[in-house]
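Letter by letter, the chains look like this.
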Amino acid sequence: MDLIHRPRRLRRSETLRKMVRETRVSKSSLIYPMFVVEGQNVQEEIPSMAGQYRWSIDRLPEQAEALLKLGVDKVMLFGIPGHKDACGSEAYAEHGVVQEAMRALKARFPELYLIGDVCMCEYTSHGHCGILDGDYVDNDRTLEYLAKIAVSQVQAGADMVAPSDMMDGRVAAIRDALDDAGYVNTPILSYAVKYASSFYGPFRDAADSAPAFGDRKQYQMDYHNSREAVKEALTDVDEGADLLMVKPAMAYGDIIARVKEVTDVPVAAYSVSGEYCMVKTCGRLGYVDETAMLCEIAASAFRAGADIYLSYFAPELARAMDEGRIG
Ligand code: PBG
């Protein structure tokens, strides 16, 4: 056959395939989300997230050590307080569970980069991401709380804050508050493009944060939309976001690509609990090769344009990189 183009030529060996690879991944892109609870010596497996746990603060150092050894040096911390109330006061308490976790980790592992998820739903008795006025989440009143949460986390040792509430104007409010408190160099990773998603189901189990009534569609985005993602992304950059996040990741590659194209800040993608749960469950049932699948899904986010990847599979990904299964 007289073929000019033979794309298969470049697929002849692993060495060659690796050389011409378009997407390269690295451990420095990985962020591992973790759940912290009150108490002593707690390691509670999350039923819908096999292999993921709620840890008490005294159990975090062993986890941090294992992560650092694998080359994962960034974590996103979620606090699950013992006590929830209408205004989520444990979220900004000086000695709240997440603040104490940050203090403990920072003191022992200064090289571990700590990111605080700034939101209220894990802390409010009603499970919504803000302050209620009747059944409406009051945007503007919520902003002052979010700002307090962010400052309290940074005071406790957070290196970066990541607001995930989807209130309008929160990036500006948090930037203001951080600057006023003297934290001009603390970056904000905005969950700018966060969809109202059924993929968060297992997380809400983990954090006991399902809304007591209604849903989050009045503040999180409608998954039919992508131009709106551009609007959210640009708005947050204008307000001072240093990095942007798209969430979920797996069904949103088009959105990651679009946000990457229209902005000039680093873009993160959050592979959320439902993505983890699907892969883990199918893997445990023996229906798929779990490692192969989680690598493929991660690569798809990077291929779409993500610079940073948050995943409950971060340790497995780091191991897969060591083994050359993804790279
Ligand atoms: C807090 C928050 C949620 C997630 C991250 N931050 C839950 C939600 O919005 O309901 C979801 C993460 C996941 O599913 O892994 N607002």
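For the structure, check the block above.
Residues numbered from 1 in each chain as written. Predicted model: local features only at pLDDT ≥ 70, side-chain atom pairs only at ≥ 80, totals over all residues. Heavy atoms only, no water.

S.K.: Give a description of the overall build of the protein chain that names residues and reports values.
M.R.: Along its length, the protein chain carries eleven helices and twelve strands. Here the C-alpha atoms of the protein chain give a radius of gyration of 20 Å, agreeing with the 20 Å that 2.2 N^0.38 yields for 327 residues. Reported as C-alpha extents along the three principal axes, the dimensions of the protein chain are approximately 75 × 45 × 40 Å. By residue count, 55% of the 327 residues in the protein chain fall in the buried class. Counting only contacts in the protein chain whose residues sit at least 6 apart along the sequence, the fraction spanning at least 24 positions is 72%. (Helix = DSSP H or I, 4+ residues; strand = E, 2+ residues; numbered from the N terminus. Rg over C-alpha atoms; globule rule 2.2 N^0.38 Å. Buried < 20%, exposed > 50% of the residue type's maximum accessible area, 1.4 Å probe, protein only. Contact = heavy atoms within 4.5 Å.)

S.K.: Can you explain the packing of aromatic side chains? Please cite residues and give values.
M.R.: Inspection of the entire model under this criterion finds twelve aromatic pairs. Measuring from ring centre to ring centre gives 5.4 Å for Phe35 and Phe203, while their planes differ by 55°; the resulting arrangement is tilted. Highlighted residues: Phe35 in strand β1 (residues 30-37) and Phe203 in helix α6 (residues 201-207), separated in sequence by 168 residues. Take Phe203: its relative accessible area is 12%, and that puts it in the buried class. (Phe/Tyr/Trp six-rings, centres within 6.5 Å; stacked < 30°, edge-to-face > 60°.)

S.K.: So what about the nonpolar core? Which residues, and what values?
M.R.: Among the nonpolar cores identified, the biggest contains 113 residues, and Phe35, Met76, Leu77, Val193 and Tyr309 are the most heavily contacted of them. The greatest single-element share of this core, amounting to nine residues, is contributed by helix α4 (residues 139-156). If near-sequence neighbours (up to four positions away) are discounted, Leu77 is found in contact with Met34, Val36, Val98, Ala101, Met102, Leu105, Leu114, Ile115, Gly116 and Asp117. (Core = buried A, V, L, I, M, F, W, Y, C linked by side-chain atoms within 4.5 Å.)

S.K.: Any chance you could break down the pairing of strand β5 (residues 113-118) for me, citing the residues and the numbers?
M.R.: Across the six residues that make up β5, a large majority, five, are buried. Where the polypeptide runs from strand β4 (residues 74-80) across helix α3 (residues 97-108) and back to β5, its parallel neighbour, the crossover connection is right-handed. Of the strand pairs in this sheet, β5 and strand β8 (residues 160-163) are connected by four bridges, and their pairing is parallel. If you follow Gly116 over to β8, its bridge partner there is Val161. (Right-handed = clockwise from strand over helix to strand, strands pointing away. Pairing = 2+ DSSP bridges.)

S.K.: How would you explain the site of the ligand if you had to name every residue and give the values?
M.R.: Taken together, 19 residues sit near the ligand, with Lys194, Arg204, Lys247, Ser273 and Tyr312 positioned nearest. A distance of 3.3 Å separates a nitrogen atom of the ligand from a polar atom in the side chain of Ser164. Measuring from an oxygen atom of the ligand, one finds a side-chain N or O atom of Lys194 at 2.6 Å. Considered on its own, the ligand offers 400 Å² of accessible surface; in the complex 100% of this is hidden by protein. (Near = heavy atom within 4 Å. Polar contact = N/O pair within 3.5 Å; in protein donor to acceptor, adjacent residues only side chain to side chain. Areas by Shrake-Rupley, 256 points an atom, 1.4 Å probe, with all protein chains shown as cover.)

S.K.: Could you give an account of the pattern of salt bridges, naming the residues involved and the relevant values?
M.R.: A complete count under the given rule lists 18 salt bridges for this structure. A salt bridge links Arg108 to Glu65, with the shortest nitrogen-to-oxygen separation between them at 3.4 Å. One end of the pair, Arg108, is in helix α3; the other, Glu65, is in helix α2 (residues 60-70), with 43 residues separating them in the sequence. Relative accessible area serves as the criterion here: at 44%, Glu65 is assigned to the partly exposed category. Arg175 is paired through a salt bridge with Asp179; the nearest N and O atoms lie 3.1 Å apart. In this pair, Arg175 and Asp179 both sit in helix α5 (residues 170-180), four residues apart, roughly one turn of the helix. Each of Glu14, Arg17 and Lys18 takes part in salt bridges that share partners, so that together they form one network. (Salt bridge = Lys/Arg side-chain N within 4 Å of Asp/Glu carboxyl O.)

S.K.: An account of a positive patch on the surface is requested, with residue identities and associated values reported.
M.R.: On the surface, Arg6, Arg8, Arg9, Arg11 and Arg12 cluster together into a patch of positive charge. Along the polypeptide, Arg9 turns up in the segment before α1 (14-19). (Patch = residues over 30% accessible without salt bridge, like charges linked within 9 Å, V, L, I, M, F, W, Y side chains within 5 Å. Lys, Arg positive; Asp, Glu negative; His and termini not counted. Charge placed at Lys NZ, Arg CZ, Asp CG, Glu CD.)

S.K.: I'd like a rundown of the state of the cysteines, residues and numbers included.
M.R.: Under the criterion given, the structure shown has zero disulfides. The thiol of Cys121 is not disulfide-bonded; the next cysteine sulfur, from Cys119, is found 3.9 Å away. For Cys121, a relative accessible area of 6% puts it in the buried group. Free cysteine Cys129: the closest other cysteine sulfur is in Cys119, separated by 3.6 Å. By relative accessible area, Cys129 is classed as buried at 0%. (Disulfide = S-S within 2.5 Å.)

S.K.: Describe unusual backbone geometry, listing the residues and the values that go with them.
M.R.: Along the chain, Lys247 connects to Pro248 via a cis peptide bond; the corresponding omega equals -10°. Within the secondary structure layout, Pro248 lies in the loop between β10 (243-247) and α8 (253-262). With a phi close to 70°, Met166 is a non-glycine residue in the positive phi region. Classification of Met166 by relative accessible area gives buried; the value is 5%.

S.K.: Give me the packing of helix α10 (residues 290-304) against helix α11 (residues 314-322): which residues, what numbers.
M.R.: Across the interface, α10 lies against α11 with an axial gap of 10 Å and an inter-helix angle of 95°. In terms of orientation, α10 lies roughly perpendicular with respect to α11. For the pair α10 and α11, the contacting residues are Thr291, Leu294, Cys295 and Ala298 in the first and Glu316, Leu317 and Ala320 in the second. Class assignment for the residues of the contact of α10 with α11 results in five nonpolar, one polar and one charged. (Axes fitted to C-alpha atoms, helices over the stretch in contact; angles between N-to-C directions. Parallel < 35°, antiparallel > 145°, perpendicular 65-115°, else oblique. Nonpolar A, V, L, I, M, F, W, Y, C, P; charged D, E, K, R; others polar.)

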